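# Coordinate inspection notes
Given next are the chains, with one letter for each unit.
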Amino acid sequence: MKTSIRVNNDLSYEELLRLASAAEAAGVDQLWISHDLLLRSAPVLIGALAARTERIQLGIGIMNPYTVHTTEIAMVAATAQEVSGGRFALGVSAGATDFLGWAGLRRSKPMSTVRQSVTALRALLGHSDTVADDLPEWWSESSALRFPLTSPVPVYVGATGPQMRRLSGQVADGALPLLPRPDLYGKIRDDVHAGLHEAGRDEASFDLPACIWVSVGERDAARRALAEKLAYYGQSFSPDHLAAAGLQPSDFRAAGKYARAGDLGKAVEFIDDRMMSLAVVGSPDEVIEGCLQLHALGARHISFGPPLGPDPLAALAELGRSVIPALRSVQR
């Protein structure tokens, strides 16, 4: 089974480098770095990590066409592919409405904007199976990189809602759907496969990781580490994503107010058990159990998201020592 980890761009470069080295040692296949506004630049981090790693695939998850023009995203992706020796993957989506609001940007027409952006990106990044009708209005015969592409770059869509998941199957090479509950992977897979079938595309060539949040460690400390992440990000989740867990973005408003002001101690007081159900928390055996449930639902790629644990390096070492070998031993 394929495995990946996702980390936030709130980490320093030194912290991230230690995690990347540990991920390679643990046998992880992919490392995805978020590109959330007003934190560290994922493209810069990816370039630095490419020079210090050898095997692991590196991805940005996600960039969006509202803060950066699609052509510039293509420049980042093609350059990252070159400096990494063909180990780069690009995640694209519409971005979170409240994050874009910090920059005074509106997320207008997210479905058509993402469709056009992904189609243009794949055309610029070495893919020949794009649909001309899905290209943006600015596309012309001049729309081409002015330097050679070393190899095609896979483009993933960050998809939380059913419509975006369906779109990812129609136009992308993979999807990054964050699971509100592990048992919903089947529904998410069906949404993506519906898009693949509509576009006449091959399921076998599409990468669909089951993206879960994980916090591994002593239970109280693991819960605290996860609560801090939920406090910061919960309000930015889409209503469709949270509804499956009986939640809505406004439930996280109080926690988000304190978390984004830097008062995590106060913020976690507003994170309850319903919110904690959005992730797998506890021992390696509990993580293995959750992953095996996903495998039974058809998942062949598990993506572990932050915080990983109160000590991310220790958590990653534990994933490599027990969880990943257990998953690799499962028959397809």
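Calculation rules
Residues numbered from 1 in each chain as written. Predicted model: local features only at pLDDT ≥ 70, side-chain atom pairs only at ≥ 80, totals over all residues. Heavy atoms only, no water. Helix = DSSP H or I, 4+ residues; strand = E, 2+ residues; numbered from the N terminus. Rg over C-alpha atoms; globule rule 2.2 N^0.38 Å. Buried < 20%, exposed > 50% of the residue type's maximum accessible area, 1.4 Å probe, protein only. Areas by Shrake-Rupley, 256 points an atom, 1.4 Å probe, with all protein chains shown as cover. Axes fitted to C-alpha atoms, helices over the stretch in contact; angles between N-to-C directions. Parallel < 35°, antiparallel > 145°, perpendicular 65-115°, else oblique. Left-handed = near helix turned anticlockwise from the far one by under 90°. Contact = heavy atoms within 4.5 Å. Nonpolar A, V, L, I, M, F, W, Y, C, P; charged D, E, K, R; others polar. Salt bridge = Lys/Arg side-chain N within 4 Å of Asp/Glu carboxyl O. Pairing = 2+ DSSP bridges. Core = buried A, V, L, I, M, F, W, Y, C linked by side-chain atoms within 4.5 Å. Polar contact = N/O pair within 3.5 Å; in protein donor to acceptor, adjacent residues only side chain to side chain.

Here the focus is the overall build of the protein chain. Along the backbone of the protein chain there are 14 helices and 9 strands. In terms of overall dimensions, the protein chain is globule-like: its C-alpha atoms have a radius of gyration of 19 Å, near the 20 Å expected for 332 residues. Expressed as a percentage of its 332 residues, the buried residues of the protein chain come to 52%. Accessible surface, the protein chain: about 14100 Å² in total, of which carbon and sulfur atoms supply 51%.

Moving on, we get to the packing of helix H5 (residues 110–124) against helix H6 (residues 162–171). Where H5 meets H6, the axes come as close as 11 Å, and the angle between the chain directions of the two elements is 25°. The orientation of H5 relative to H6 falls into the category roughly parallel. Considering only the axes of H5 and H6, their crossing is right-handed. On H6, the residues that touch Pro-110, Met-111, Val-114, Arg-115, Val-118, Thr-119 and Arg-122 of H5 are Gln-163, Met-164, Leu-167, Gln-170 and Val-171. Classifying every residue of the contact of H5 with H6 gives 7 nonpolar, 3 polar and 2 charged.

Quick look at the pattern of salt bridges now. Here the structure, examined in full by the defined rule, presents 17 salt bridges. Its salt-bridge partner being Lys-266, residue Glu-269 comes within 3.3 Å of it at the nearest N-O pair. Classification of Lys-266 by relative accessible area gives partly exposed; the value is 31%. For Asp-272, the salt bridge goes to Arg-274, with nearest N and O atoms at 3.4 Å. Overlapping salt bridges, with partners in common, bring together Arg-122, Asp-129 and Asp-173 in one network.

Here we take up the sheet that holds strand E8 (residues 279–282). Within a sheet, neighbouring strands are paired by backbone hydrogen bonds and run either parallel or antiparallel to one another. Reading across the sheet, the 9 strands line up as E6-E5-E4-E3-E2-E1-E9-E7-E8 and stay open at both edges, with parallel pairing between neighbours. If you trace the sheet from one side to the other, it starts and ends with strand E6 (174–175) and E8, each paired once. Relative to E8, strand E7 (residues 210–216) runs parallel, the two sharing 4 bridges. Bridge assignment links Val-214 to a residue of E8, and that residue is Val-280. Helix-sheet contacts for helix H8 (residues 219–233) involve E7, E8 and strand E9 (301–308), and the interaxial angle to E7 is about 130°.

A word on the environment of Asp-311. Relative to the helices and strands, Asp-311 resides in the loop between E9 and helix H14 (312–328). On a C-alpha basis, the gap between Asp-311 and Gln-293 in space is 25 Å, while along the polypeptide they are 18 residues apart.

Turning our attention to the nonpolar core. Ranked by size, the top nonpolar core spans 73 residues in total, and within it Leu-90, Leu-125, Ile-212, Val-287, Ile-302 and Phe-304 carry the most contacts. Those residues within four positions of Leu-125 in sequence are excluded, and the remaining contacts are Ala-74, Ala-77, Ala-78, Leu-90, Leu-145, Leu-149, Pro-152, Val-153 and Val-155. Of all hydrophobic cores here, the second largest spans 31 residues; its members include Ala-96, Leu-178, Ala-222 and Leu-247.

We now examine the side chain of Gln-30. With respect to the helices and strands, the residue Gln-30 is situated in strand E2 (residues 30–33). A relative accessible area of 1% means that Gln-30 is categorised as buried. There is a polar contact of 2.8 Å between the side chain of Gln-30 and the side chain of Trp-32. At 3.3 Å, the side chain of Gln-30 forms a polar contact with the side chain of Tyr-156. Residues contacting Gln-30, with those up to four places away along its chain left out, are Lys-2, Thr-3, Ser-4, Ile-5, Ile-56, Gln-57, Tyr-156, Asp-207 and His-301.

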